[in-house]
Structures are given as structure tokens and as C-alpha cells.
Amino acid sequence: MHPSTLVLRRSARSLSGPAFVRWGLIGAAVLLLGVFLIVPLVAVFTFAFQKGWEAYVAALTHPTALAAMRLTLLAAVIAVPFNLVFGLAASWLIARFQFRGRSLLMTLIDLPFSVSPVIAGLIFVLLFGRQGWLGPWLLDHDVRVIFAVPGIVLATVFVTFPFVAREVLPVMEAQGSDEEEAALTLGASGWRTFLTVTLPKVKWGVLYGVILCNARAMGEFGAVSVVSGHVRGVTTTLPLHAEILYNEYDLAGAFAVASLLTLLALVTLVVKKFVEWRSQPS
Amino acid sequence: MSIVVEQLARRFNRGGSPAVSRVSFHAPGGAITSLLGPSGAGKSTLLRLIAGLEIPDEGRVLIDGVDSTQMPVQQRGVGVVFQSYALFKHLTVRQNVAFGLEVRRVPKAEREARVEEMLRMVQLEHLGGRYPGQLSGGQRQRVAFARALAIRPRVLLLDEPFGALDTRVREELREWLHALHERTRLTTLLVTHDQQEALEISQHVVVLSEGRVAQAGSPADIYDRPASPFVASFIGGASVLRGHVQAGRAAMGALSVTAPAAAREGEPVHAFVRPHDIKLAKAVAGAASASTATGRVERLKPVGGYVKVFLRLPSGDEVTVEVPRSEFDALGVAEGDSVRADVRSATVFVGDYSI
């Protein structure tokens, strides 16, 4: 053995403490991981399939389940592109320019993170609800926001607001603007510079933000629950649908829907891991 | 294709000191002009103002006689090389060089021919398919030059282009830039803090200090006739001697040199003496002329081809003398010895000296 590796091994051992401490800590970590992550994961699928494969498929193909899926997808399809555009614009603005209100903007972007989703939902009820500020006007013009699809989309957009901006901003700040300036001196317009220089530089950050944004958009419960009104088949997203089924003691149905969301989470984790791996500088 | 800057001013923080304050200078067409100064002198800001990457608070920039102050950076036709190279990391060398041509919608065949021509010019034709991350610092900087020159700029602006490179590569690239300029005769503005670089490859030098022009002129002007104590101390590593005007001469202890014509009797003066403007000889009793003094060798520092001698004069001032190796060996002095120092030339300014 090379002398230096010997030294390394020895110092590693001296840093790690006695065996019972090591195994005790590892055991505690494994136990916690099992109880809080593995067991629930197994439980979701066990409950989902407890009445067999047919019941599982039936629960998922029920018209109200399909409607919930459509609404969930609709909310995500609107919220993700909206927040993508907003997140890119906001992080570009904050990373590249010094202006009055810059830190206020940064704080505002984080607001949805710090506000309880239920409060976020209530804000929309107070704004657009029957007794809300804009309620009477909306009623006069026959526009329904609360207890309707627009409310769900609005609430989803609100709670997923920070995801893209929060992921892209640090990447943009770390990379500086030298390349953009070089592109400008070479004659490229601002728009072209953004598309051919800025965007390729931050693409992994953007993708990462989009993945997280999408996961949250599809999985959001609190804010959406407040504005939804739980009109089955009309204003229920997948998480709300799962809750309704659960409250009706349809455990197999509730967990079948839950398993769908769990699968989404697992796929998200895999894609996220892949993006992290690809974005590492080689 | 000259560059003229008139009364240019730029302040970054309201109430703070200006980065550039009312700077005027003229960079003659077809020449290399250096903007030389210590860090924080406003050199890079000035370059960015000329490139159009910053907007001046006051003043004008004229490129080839045309007022370009309000012209967008894209239309100025300036080739800029940044210290950080600023290459597009996600594009190959060839794509980097082609970028400006694609923006200008140069037809494909012409574009490809021009890219190859540029790569040949910077001797990187075999690396066209590589990414910037796969190149050495010197190669990256040459790609940056090729990219800037591909668009046939009217003027070339270089912001500390060799600052991040090691000495040997820096000297090679300096030579290369000199040869390139001989061929292209492109009006070039070079920002540098390295006086060697400025004096060696430029025909015109603008010395900057705290956002102002300290002196502008040929390298010989700057080196031989510094206009202010700042320039005298910044260029050439001079030592400072302090004294007074006595009988029309600047007297520093036993040593005296010619005083400026305007100096009045008894006024304080300080003289800048370059390390190679002092000649050392064996100390002998008597026989001293006005421009010689006997000093004690405090320390010797051999630096390759020459030896740095740190000398303490009777007046208490310390001077640094550079003696070629052969001369030093013939002189045969050791630390603690007394030697006679003959000041061959000094630049004298009236007033107290303070840094």
C-alpha cells in the first residue's frame, strides 16, 4: 500500500469514531428513511392494488378521475410556461441590472414560498369571491373564477411562481455577462444574444426549475382546495380527487389516484437526477 | 480610423468618485495606443465606454471622425477582446469565430472561407472542432482575437488581453500581436497595467490615474520625460530622493542635480532616479563630484541577468540600483560595503513628495 493512502485511511478512521457510534448512526438513518419514505411508498401501492388490478384500472378510468387528470394537466400546462417566461425574465432582470426595488422584487418572488398555500387560496377567494373585492363586478359580467377552473389555474400559478426564477437566478449570477457583451460587440441583437448565448448557458437550470415547477403544479393541494369548491368532475384536480375518494371510504380508489401522483414524483426525481448529472461541468 | 475621446465622464455610484472623469485623448489611426495605469484608474471603463458597453454621463466618443456616443454597440464595428476571453463555451472554436459573420448574414461559402482564414491567422486551424474548455489559455485568447477580427472591425479594443496568462505565453502573444498589427495596421486600443507591455508594443501611450489622464505621448516621452510625480513613480520603478533647492540646484544630502527652472531657493524638491540611472563604483576617499554620493549596500538581490542593489545614502534615502551581472562581478561588493553612486540622470519635481 502506498504510504499516503495509508495515512488517508488512518485519518478517515480517526475522524469516524468508534464502531458502535458509526453503526448506531447509520442504523438510525436507515430506520428513519424506512419509516418515513419506504413504508409509505410501499403502502400507497399496496392499498391501491388491494382490490385487484381491475378495480385499480376502474378507479383511474372513472369519468371523474379522467376529468381530474385533465384539469391537473390543464393547470400544469398553463402554470409551467407562464412561470418559465416569468422566471427567465425576472432572473435576467435581477442578475444583469442594478435598479431601485431589485431586492423587493427578489423578496416578492419568494413570497409564495413563505405564505401558507391555504392563505394563498384565501387571497384569491377574497379577491374574486362573491364577497370579494372584484366579486360583484365579475358576477355582473358572468365570469366565474372561484369554485371554477380559472381559480384553480390562478392558485396553481401563484404557488409555483418562484420555482423557475429561483433555479435560474443563481446560475445566471454565477456566469456573469462577459459572453453576452461579446455577442453584442459582434453585432448580435439583444434578443439573438438571449437565444444563442444566455439560454444555452442556463438551460440546465431552466430545465431543473421546470421539473420542480411541474411537480408542484400537479401536486398542489392547499391553495387549490380553497378555491376549488370540490365540484366533482369539474373543479377537482388529482390530489383533490384522491381526498374526496378517501373521505368517502373508497380507499382503493383514493390510493389508485395517489399512486399516480406518487409515480409522477418518482419520475420527477429520476429526471431531476438526470438533469443534475448532465449539468455537471465535465 | 482614429479614436477621439472628448471630456468623457462616467460615475457608477451617485455621490461616489467617478470611474472616469473628463478624459480626453486621441488614438491615432493605424497605431496601437495603450491605456496604461494601475488598477482602479478607469482604463477598462474607458474601453467599455468606447465599445458602447457603457453609456457616458458626459462627453463624446468619435470613431473615424463620426460621433458614436449614442450609437448602439452592435453598429460601432468594434472588435473587443476581453481578459476573460468571453468565448461561447457551448460552441466550437469554428462556431465562435463564425458567430459575428452569421449575425451579419454573410453567405455560407464566404463565411466558411473567412473562418478558415482567421483560424490560419491565429494558427489554430487544426483545433476548429474543439470547444473552448478543451484549449489552453493562450489558445483561447487567440480564438478571442480571431472572433473579434472575423467581423473586420474598424477598430480593435483589447481589455488586458494577456492579463490571465503566464509570463512566457504573454511574451509570445505580445510578439504575435505586434506582428499581427504590422500586417493589418488596425487602429488598436490596448488596456494594460503592465508598463513593459505598453512601452514595448504601442506607438502611443495614455497614462491614467484615478479616472484622469496623467500623461499622453510616445513611449519615449512617457519614460524619459514624465510630466508628473505620479508618472515618474509609476513607470520604471524609480527611487525617490528628498531634498531642497540650494544655490539653484536640487540638493539631497551631499548629492545634487539640476533643479527645475521654476524652483525657488529653499523649496522642497524630490527626485526620481531609475534603477539603471545610477552607476556604482568602488568607494574612494575624496574626489567626489556633485552628482555622486557614498552609500552603504544594505542588501543584494540577484535577479537573473542583473543584480538589484539596495543602497542607503547618507541622507537616509534608500535607492535601488540595477547592475548587469558582468558589471557587478567586476565591481566586487558585498552587503555592508560602501560604494560610490553616480546619479546619471534624475527627474526632479518641486514640492513635498507623498504617496
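Residues numbered from 1 in each chain as written. Chains lettered and ligands numbered in written order. Predicted model: local features only at pLDDT ≥ 70, side-chain atom pairs only at ≥ 80, totals over all residues.

## Quick look at the overall build of chain B
At step 1: Per the secondary structure count, chain B includes nine helices and 20 strands.
At step 2: Oriented by its inertia axes, the alpha-carbon framework of chain B measures out at about 80 × 45 × 35 Å.
At step 3: Every one of the 355 residues in chain B was classed for burial, and the buried ones make up 41%.
At step 4: For chain B, the proportion of contacts with a sequence separation of at least 24, taken over those separated by at least 6, is 65%. (Helix = DSSP H or I, 4+ residues; strand = E, 2+ residues; numbered from the N terminus. Buried ≥ 20, exposed ≤ 12 C-beta atoms within 10 Å, placed from the backbone. Contact = placed C-beta atoms within 7 Å.)

## Side note on the overall build of chain A
At step 1: Along chain A, the regular secondary structure elements total 14 helices and zero strands.
At step 2: Helices and strands appear in chain A in the N-to-C order α-α-α-α-α-α-α-α-α-α-α-α-α-α.
At step 3: On C-alpha atoms alone, chain A measures out to a radius of gyration of 24 Å, which is more than a quarter above the 19 Å that the 2.2 N^0.38 rule sets for 282 residues.
At step 4: The proportion of buried residues among the 282 residues of chain A is 34%. (Rg over C-alpha atoms; globule rule 2.2 N^0.38 Å.)

## Details of the domain arrangement of chain A
Where interface size is quoted, it is often the accessible area lost as the parts come together.
Residues and elements named next belong to chain A.
At step 1: Taken domain by domain, chain A consists of domain 1 (1-48) and domain 2 (52-279).
At step 2: Each of domain 1 and domain 2 was reduced to a C-alpha centroid, and the two centroids are 35 Å apart.
At step 3: The residue makeup of the side of domain 1 that touches domain 2, split by class, is five nonpolar, no polar and no charged. (Domains from an automatic or database assignment. Nonpolar A, V, L, I, M, F, W, Y, C, P; charged D, E, K, R; others polar.)

## Quick word on the domain arrangement of chain B
Residues and elements named next belong to chain B.
At step 1: The domain boundaries assigned to chain B delineate domain 1 (3-233) and domain 2 (237-350).
At step 2: The C-alpha-based centres of domain 1 and domain 2 are spaced at 39 Å.
At step 3: Facing four residues of domain 1, the contacting portion of domain 2 comprises four residues.
At step 4: Tallied by class, residues from the side of domain 1 that touches domain 2 come to three nonpolar, one polar and no charged.

## Looking at the UniProt feature "domain: ABC transporter" (unreviewed entry) in chain B
At step 1: Within the UniProt annotation, "domain: ABC transporter" (unreviewed entry) is assigned to residues 3-235 of chain B.
At step 2: In the segment residues 3-235 of chain B, helix accounts for 36% and strand for 24%; the C-alpha atoms at its two ends are 25 Å apart. (UniProt positions renumbered as here; feature names shortened; annotations may be inferred.)

## Side note on the UniProt feature "domain: ABC transmembrane type-1" (unreviewed entry) in chain A
At step 1: Cross-referencing UniProt, the feature "domain: ABC transmembrane type-1" (unreviewed entry) maps to residues 69-272 of chain A in the present numbering.
At step 2: In residues 69-272 of chain A, helix accounts for 79% and strand for 0%; the two terminal C-alpha atoms are 23 Å from one another.

## As for the sheet that holds strand β13 (residues 255-258) of chain B
Residue and element names in this part refer to chain B.
At step 1: An order of β13-β12-β11-β14-β20 is seen for the five strands of this open sheet, with the pairing classed as antiparallel. The open sheet has two free edges, formed respectively by β13 and β20 (347-350), since each of these has just one partner strand. With strand direction ignored, the average angle separating the axes of adjacent strands in the sheet is 35°.
At step 2: Relative to β20, strand β14 (residues 268-273) is paired through four bridges, and the arrangement is antiparallel. (Pairing = 2+ DSSP bridges. Axes fitted to C-alpha atoms, helices over the stretch in contact; angles between N-to-C directions.)

## Description of the nonpolar core
At step 1: One finds I50, L157, L189 and A271 of chain B to be the most contacted residues of the largest nonpolar core, which totals 98 residues.
At step 2: Per element, the largest residue contribution to this core is seven residues, and it comes from helix α4 (residues 137-150) of chain B.
At step 3: In this structure, A65, F124, V226 and A242 of chain A belong to the second largest nonpolar core, which totals 58 residues. (Core = buried A, V, L, I, M, F, W, Y, C linked by C-beta atoms within 7 Å.)

## Some details on the sheet that holds strand β17 (residues 306-312) of chain B
Whether parallel or antiparallel, the strands of a sheet pair through hydrogen bonds between backbone atoms.
Residues and elements named next belong to chain B.
At step 1: Spatially, the five strands line up as an open sheet ordered β15-β19-β16-β17-β18, and their pairing is antiparallel. Each edge of the open sheet is held by one strand with a lone partner, namely β15 (278-282) and β18 (318-324). Going from strand to strand, the sheet's axes swing by 45° on average, the running direction of each strand aside.
At step 2: With seven bridges connecting them, β17 and β18 associate as antiparallel partners. Pairing of V307 across the sheet is with V323, part of β18.

## Some words on the confidence of the model for chain B
At step 1: Of the residues in chain B, 98% reach a pLDDT of 70 or more, and the chain-wide mean stands at 89.
At step 2: The ipTM assigned to the predicted complex is 0.84, against a pTM of 0.80. (pLDDT = per-residue confidence, 0-100.)

## Here's the deal with the interface of chain B and chain A
At step 1: Tallying the contact residues gives 16 residues for chain B and 14 residues for chain A.
At step 2: Breaking the side of chain B that touches chain A down by element, the ones donating at least two residues are β6 (78-81) and α2 (93-103) of chain B.
At step 3: Here the element with the most residues in the side of chain B that touches chain A is α2 of chain B; it accounts for three residues.
At step 4: Split into classes, the residues belonging to the side of chain B that touches chain A amount to eleven nonpolar, four polar and one charged.

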